[in-house]
Amino acid sequence: MSQYHPNARGYYGQFGGAFIPEMLYPNVEELREQYLDILADPDFQREYQLLLRDYVGRPTPLFKAERLSRHFGATIYLKREDLCHTGAHKVNNTVGQILLAERLGKKRIIAETGAGQHGVATATVCALRGLECIVYMGAVDMERQKPNVARMRMLGAEVRPAVSGSQTLKDATNEAIRDWISNPTDTHYIIGSVVGPHPYPDLVARLQAVISEEIRRQLREKTGSELPDYVVACVGGGSNAAGAFYHYLDEPAVQLVAVEAAGHGVDTDKSAATSVLGRPGIIHGSRTLLMQDEHGQITEPHSISAGLDYPGIGPLHAFLADSRRAQFLSITDHDALQAAQLCSRLEGIIPALESAHAIAALEVMNLKPADVVVLNLSGRGDKDLETYLRELQLA
Amino acid sequence: MQNRFADLLARKPQGLLNLYLTAGYPGRHDTVPLLQTLADAGADILEIGVPFSDPLADGPVIQQTSTTALRNGMTLKALLQELQGIRQVLPDTPLLLMGYLNPVLQLGMEEFCRQASEAGIDGVILPDLPAEEYADFYQDTFRRYNLRPVFLITPQTSEARIRRLDELTDAFLYLVSGPGLTGGNQTADQGAQQAYLQRVAALNLRNPRLVGFGIADKASFDQACRHAHGAIIGSALLRALDGAADPHAAARQFVHSIRPAQTSTSAIS
């Protein structure tokens, strides 16, 4: 088995595991015992694949971005996850998890959200299947991602503000976990990233793996080879990166580039670059790299992008960083904003702020003309327009 | 090896009152004096909460006291140092440290156990340290330092698992009263709670059983004690301390509201 799959206890090397209070044990254990069987079940697969095609709109295109290619001096392909229903890759996971929740007999769905994309994707599938949906969102994030709050409400979800701590993704996740503790039998928690206790990181990675499965096929059709020189993706918790990397993990010829949010810069106290600033620690049930002070208190991250504003990373990514299988870069708020404008003007595609970090990384990768790069354009930028107009002084 | 839990149970087999206090709350230097006041007023076991930025299993009250304590500058290192003299004032009361795993791991489990043991701490509650991880990685360290783990049990915990947890300790078992967080209202379904406590009582476990989460006053304390050896109160005590002009008077008054003053132990304070 690949070293990039977790062992029976949910560890990728020294990272992962399931550090959960006893109150969550039955729920997590039930999921751990059943998720692989359910995912492998032909009936599940039939339904999942049908929804991915007819509801999500997969496969998403692999687009050769000619003008970005000229700009960066290499061949750049964009994997257009921004064209998924709801506007980001997040729905790949929620479609799978809602089918899983149904098979576990759950009636009530909870989720956390940062940028709101996972919240919208969860509210969407709950509407589709007629299940109650409660989304926890940091009060600060509700303010900076208003369009997504409105979309969730339109879809019939209840959005509950998380008002503790920095009032962002970490705190929303705390509140979702507390809800799950308080509702131990009828509720399924749809985690939106490759974080949390085992088996969530593996479950979400498997459901996002469709991204790299498609990239391999599409790249072969376009270039004759399934293997690019680079796969580039942004990392907050790391679900779109996990999906884009998944079928390349055991291909050492393919360089994997994970792009974190530097915020104001990794040498300031306003950053979310976990692989640079983090040390091993426990967050949300997982042992991973974690931004914390010398006393083990979790520190408040900063990124202009709500989806990258998280003090940890998924345990798979911690392992990829530790083992140097992936190269980790960090991009400042400023450079991400510039990259968003560049992509909008050169390709007519307004990227999400999260994905803009990955685009900005192309500038610092020392690309050569012969290089083939696949960049996972994880989401579209509609939700970020207010920020773009303000920060780029376009209003 | 001394076991203050067993000693206590031999003296007093029923109605044990276990009180939880967030270290560094309400004031940075209140912890040891308040523990002494609580014991003098009649608490049988004391749980010292190590404040953490992200206390996942705790409700709003302990989230708030933890935040206040951290703002007051309380740290695990400082707490362990402060506790070094505590056995001079509280020789017999079983003392526990209750906190989350991350601050402990940053100090180092070995170092944590060494200092806790030197201070005379008897037990440790780390709700996000699963029993399996404890058994595989930390049991030897705990034993070497004569520290006892306390595991949580919920109405959903299977009998097989309860028995496994019972084997792993000789302090007590922490019976979470129902679904929810600390400080919640668990009295909604008294019937289900009593049935659960009776079911666990009938397992004839090695360890005494204390009920926690949502125990807030004399009525819920007495109710919980019907099918257990005692109960644990945290949030309600912290609420009583909140904004009190004299936290010691408030603490004494709170204990006496659960358990009327016992002249033999409370006269001196």
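Residues numbered from 1 in each chain as written. Chains lettered and ligands numbered in written order. Predicted model: local features only at pLDDT ≥ 70, side-chain atom pairs only at ≥ 80, totals over all residues. Heavy atoms only, no water.

## Some details on the UniProt feature "modified residue: N6-(pyridoxal phosphate)lysine" (unreviewed entry) in chain A
Residues and elements named next belong to chain A.
Turning to step 1, where the next piece is worked out: When the UniProt feature table is mapped onto this chain numbering, "modified residue: N6-(pyridoxal phosphate)lysine" (unreviewed entry) sits at Lys90.
Turning to step 2, where the next piece is worked out: Tracing the chain through its elements places Lys90 in helix H4 (residues 90-103).
Turning to step 3, where the next piece is worked out: On the basis of relative accessibility, which here comes to 15%, the residue Lys90 falls in the buried class.
Turning to step 4, where the next piece is worked out: Dropping the residues within four chain positions of it, Lys90 is found in contact with Gln117, His118, Ala121, Gly192, Ser193, Gln208 and Ser239. (UniProt positions renumbered as here; feature names shortened; annotations may be inferred. Helix = DSSP H or I, 4+ residues; strand = E, 2+ residues; numbered from the N terminus. Buried < 20%, exposed > 50% of the residue type's maximum accessible area, 1.4 Å probe, protein only. Contact = heavy atoms within 4.5 Å.)

## A few points about the nonpolar core
Across soluble globular proteins, nonpolar side chains have a tendency to be buried as a group.
Turning to step 1, where the next piece is worked out: Core analysis: the largest hydrophobic core is formed by 193 residues, its most contacted members being A:Phe245, B:Leu19, B:Leu83, B:Leu97 and B:Met109.
Turning to step 2, where the next piece is worked out: For this core, the domains that each give at least three residues are domain 1 (12-52 + 90-199) and domain 2 (58-87 + 208-392) of chain A.
Turning to step 3, where the next piece is worked out: Residues within four places of B:Leu19 in sequence aside, it is in contact with B:Leu38, B:Ala43, B:Ile45, B:Leu46, B:Glu47, B:Ile233, B:Leu237, B:Phe254 and B:Val255.
Turning to step 4, where the next piece is worked out: In this structure, A:Val257, A:Leu308, A:Ala360 and A:Ala361 belong to the second largest nonpolar core, which totals 38 residues. (Core = buried A, V, L, I, M, F, W, Y, C linked by side-chain atoms within 4.5 Å. Domains from an automatic or database assignment.)

## Side note on the pairing of strand S3 (residues 95-98) of chain B
Residue and element names in this part refer to chain B.
Turning to step 1, where the next piece is worked out: With burial as the criterion, each face of S3 is covered, one bearing Leu95 and Leu97 and the other bearing Leu96 and Met98.
Turning to step 2, where the next piece is worked out: Bridge analysis of strand S2 (residues 45-49) against S3 gives 4 bridges, and the strand direction is parallel. For Ile48, the partnering residue across the bridge sits in S3 and is Leu97.
Turning to step 3, where the next piece is worked out: Pairing between S3 and strand S4 (residues 123-125): 3 bridges, direction parallel. Bridge pairing links Leu96 to Gly123 in S4. (Pairing = 2+ DSSP bridges.)

## Some words on the UniProt feature "active site" (unreviewed entry) in chain B
Turning to step 1, where the next piece is worked out: UniProt feature "active site" (unreviewed entry): in the numbering of this structure it lies at B:Glu47 and B:Asp58.
Turning to step 2, where the next piece is worked out: In this structure, B:Glu47 sits in strand S2.
Turning to step 3, where the next piece is worked out: The class of B:Glu47 is buried, set by a relative accessible area of 2%.
Turning to step 4, where the next piece is worked out: Ignoring anything within four residues of it in the chain, the contact list for B:Glu47 reads B:Asn18, B:Leu19, B:Tyr20, B:Leu21, B:Leu96, B:Met98, B:Ile125, B:Tyr174 and B:Ile232.
Turning to step 5, where the next piece is worked out: The topology assignment puts B:Asp58 in the loop between S2 and helix H3 (60-71).
Turning to step 6, where the next piece is worked out: In contact with B:Asp58, other than residues within four places in its own chain, are A:Arg178, B:Gln63, B:Tyr100, B:Leu181 and B:Thr182.

## Topic: the domain arrangement of chain A
All names here are of chain A.
Turning to step 1, where the next piece is worked out: One can read the domain layout of chain A as domain 1 (12-52 + 90-199) and domain 2 (58-87 + 208-392).
Turning to step 2, where the next piece is worked out: Taking the mean C-alpha position of each, domain 1 and domain 2 sit 22 Å from one another.
Turning to step 3, where the next piece is worked out: Opposite the 39 residues of domain 1 that make contact, domain 2 presents 43 residues.
Turning to step 4, where the next piece is worked out: Buried area between domain 1 and domain 2, summed over both chains or domains, comes out near 3,400 Å², and the portion from carbon and sulfur atoms is 57%. (Buried area = accessible area lost by both parts, 1.4 Å probe.)

## Considerations on the UniProt feature "domain: Tryptophan synthase beta chain-like PALP" (unreviewed entry) in chain A
Turning to step 1, where the next piece is worked out: When the UniProt feature table is mapped onto this chain, "domain: Tryptophan synthase beta chain-like PALP" (unreviewed entry) is found at residues 57-379 of chain A.
Turning to step 2, where the next piece is worked out: The span residues 57-379 of chain A is 40% helix and 21% strand, and its two end C-alpha atoms sit 14 Å from each other.

## Considering the sheet that holds strand S14 (residues 372-377) of chain A
Strand pairs in the sheet, formed through backbone hydrogen bonds, run parallel or antiparallel to each other.
All names here are of chain A.
Turning to step 1, where the next piece is worked out: Pairing is mixed across the open sheet formed by 6 strands, whose spatial order is S3-S4-S14-S9-S10-S13. Strands at the two margins of the open sheet, each flanked by one partner only, are strand S3 (62-64) and strand S13 (326-332). Neighbouring strand axes in the sheet, compared pairwise and without regard to direction, differ in orientation by 25° on average.
Turning to step 2, where the next piece is worked out: Bridge count for strand S4 (residues 75-80) against S14 is 6 bridges, and the pairing is parallel. From the neighbouring strand, Thr75 faces S14, where its bridge partner is Val372.
Turning to step 3, where the next piece is worked out: Running at roughly 95° to S13, helix H14 (residues 333-347) makes contact with S3, strand S10 (255-263) and S13 of the sheet. (Axes fitted to C-alpha atoms, helices over the stretch in contact; angles between N-to-C directions.)

## Quick word on the pattern of salt bridges
All names here are of chain A.
Turning to step 1, where the next piece is worked out: If you walk through the whole model with that rule in mind, you get 44 salt bridges over all chains.
Turning to step 2, where the next piece is worked out: Two residues, Arg32 and Glu29, come together in a salt bridge whose shortest N-O distance is 2.8 Å. With Arg32 and Glu29 both in helix H1 (residues 25-40) and 3 residues apart, this pair spans about one turn of that helix.
Turning to step 3, where the next piece is worked out: Judged by its relative accessible area of 19%, Glu29 falls in the buried class. (Salt bridge = Lys/Arg side-chain N within 4 Å of Asp/Glu carboxyl O.)

## Here's the deal with the packing of H14(A) against helix H15 (residues 353-361) of chain A
All names here are of chain A.
Turning to step 1, where the next piece is worked out: In contact at an axis separation of 8 Å, H14 and H15 are set at 90° when each is read in the N-to-C sense. Taken together, the axes of H14 and H15 are roughly perpendicular relative to one another. Two secondary-structure elements touch here, H14 through Asp335, Ala336, Leu337, Ala339, Ala340 and Cys343 and H15 through Leu353, Ala356, His357, Ile359 and Ala360.
Turning to step 2, where the next piece is worked out: Grouping the amino acids of the contact of H14 with H15 by side-chain chemistry returns 9 nonpolar, 1 polar and 1 charged. (Parallel < 35°, antiparallel > 145°, perpendicular 65-115°, else oblique. Nonpolar A, V, L, I, M, F, W, Y, C, P; charged D, E, K, R; others polar.)

## Thoughts on the sheet that holds strand S9 (residues 230-233) of chain B
Residues and elements named next belong to chain B.
Turning to step 1, where the next piece is worked out: Across the sheet, 9 strands lie side by side as S5-S4-S3-S2-S1-S9-S8-S7-S6; this open sheet has parallel pairing. Across the chains shown, the open sheet's two edge strands, defined by having one partner strand only, are strand S5 (148-149) and strand S6 (152-153).
Turning to step 2, where the next piece is worked out: Both strand S1 (residues 16-22) and S2 contribute to a ladder of 5 bridges, which runs parallel. In the sheet register, Leu21 faces S2, and the bridge partner there is Ile48.

## Considerations on the packing of aromatic side chains
Turning to step 1, where the next piece is worked out: Applying the stated criterion across every chain yields a total of 11 aromatic pairs over all chains.
Turning to step 2, where the next piece is worked out: Ring geometry for A:Tyr4 against A:Phe319: centres 5.9 Å apart, planes inclined by 55°, an arrangement best described as tilted. One end of the pair, A:Tyr4, is in the segment before strand S1 (11-12); the other, A:Phe319, is in helix H13 (residues 315-322), and 315 residues separate them in sequence. Neither A:Tyr4 nor A:Phe319 differs from the other in exposure class; each is buried.
Turning to step 3, where the next piece is worked out: Both rings, one in A:Trp180 and one in A:Tyr189, keep their centres 5.8 Å apart while their planes meet at 70°; by these two values the pair is edge-to-face. Comparing A:Trp180 with A:Tyr189 shows no difference in burial state: the two are buried.
Turning to step 4, where the next piece is worked out: Above the face of the A:Tyr25 ring, B:Arg161 is positioned so that its terminal group lies 3.3 Å from the ring centre. (Phe/Tyr/Trp six-rings, centres within 6.5 Å; stacked < 30°, edge-to-face > 60°. Lys NZ or Arg CZ within 6 Å of the ring centre and 35° of its normal.)

## A short note on the packing of H4(A) against helix H5 (residues 117-129) of chain A
Residues and elements named next belong to chain A.
Turning to step 1, where the next piece is worked out: Contact geometry for H4 and H5: axes closest at 9 Å, N-to-C directions at 40°. One way to sum up the angle between H4 and H5 is to call them oblique. H4 and H5 meet at a crossing whose hand is right-handed. The residues of H5 that touch H4, namely those facing Lys90, Val91, Asn93, Thr94, Val95, Ile98, Leu99 and Glu102, are Gln117, His118, Ala121, Thr122, Val125, Cys126 and Arg129.
Turning to step 2, where the next piece is worked out: Class assignment for the residues of the contact of H4 with H5 results in 7 nonpolar, 5 polar and 3 charged. (Left-handed = near helix turned anticlockwise from the far one by under 90°.)

## Some words on the interface of chain A and chain B
Quoted interface sizes are often the accessible area lost when the parts come together.
Turning to step 1, where the next piece is worked out: Residue-level contacts link 32 residues of chain A with 37 residues of chain B.
Turning to step 2, where the next piece is worked out: For the pair chain A and chain B, the summed buried area comes to about 2,800 Å², and 54% of that belongs to carbon and sulfur atoms.
Turning to step 3, where the next piece is worked out: When the buried area of chain A at its contact with chain B is split by residue, A:Glu22, A:Met23 and A:Arg178 rank highest and sum to 23% of it.
Turning to step 4, where the next piece is worked out: Seen at the junction of chain A and chain B, the total is 4 salt bridges.
Turning to step 5, where the next piece is worked out: For the pair chain A and chain B, the number of links is 19 residue pairs in polar contact (both at pLDDT 80 or more).
Turning to step 6, where the next piece is worked out: Of the residues that constitute the side of chain A that touches chain B, the class distribution is 15 nonpolar, 10 polar and 7 charged. (Polar contact = N/O pair within 3.5 Å; in protein donor to acceptor, adjacent residues only side chain to side chain.)

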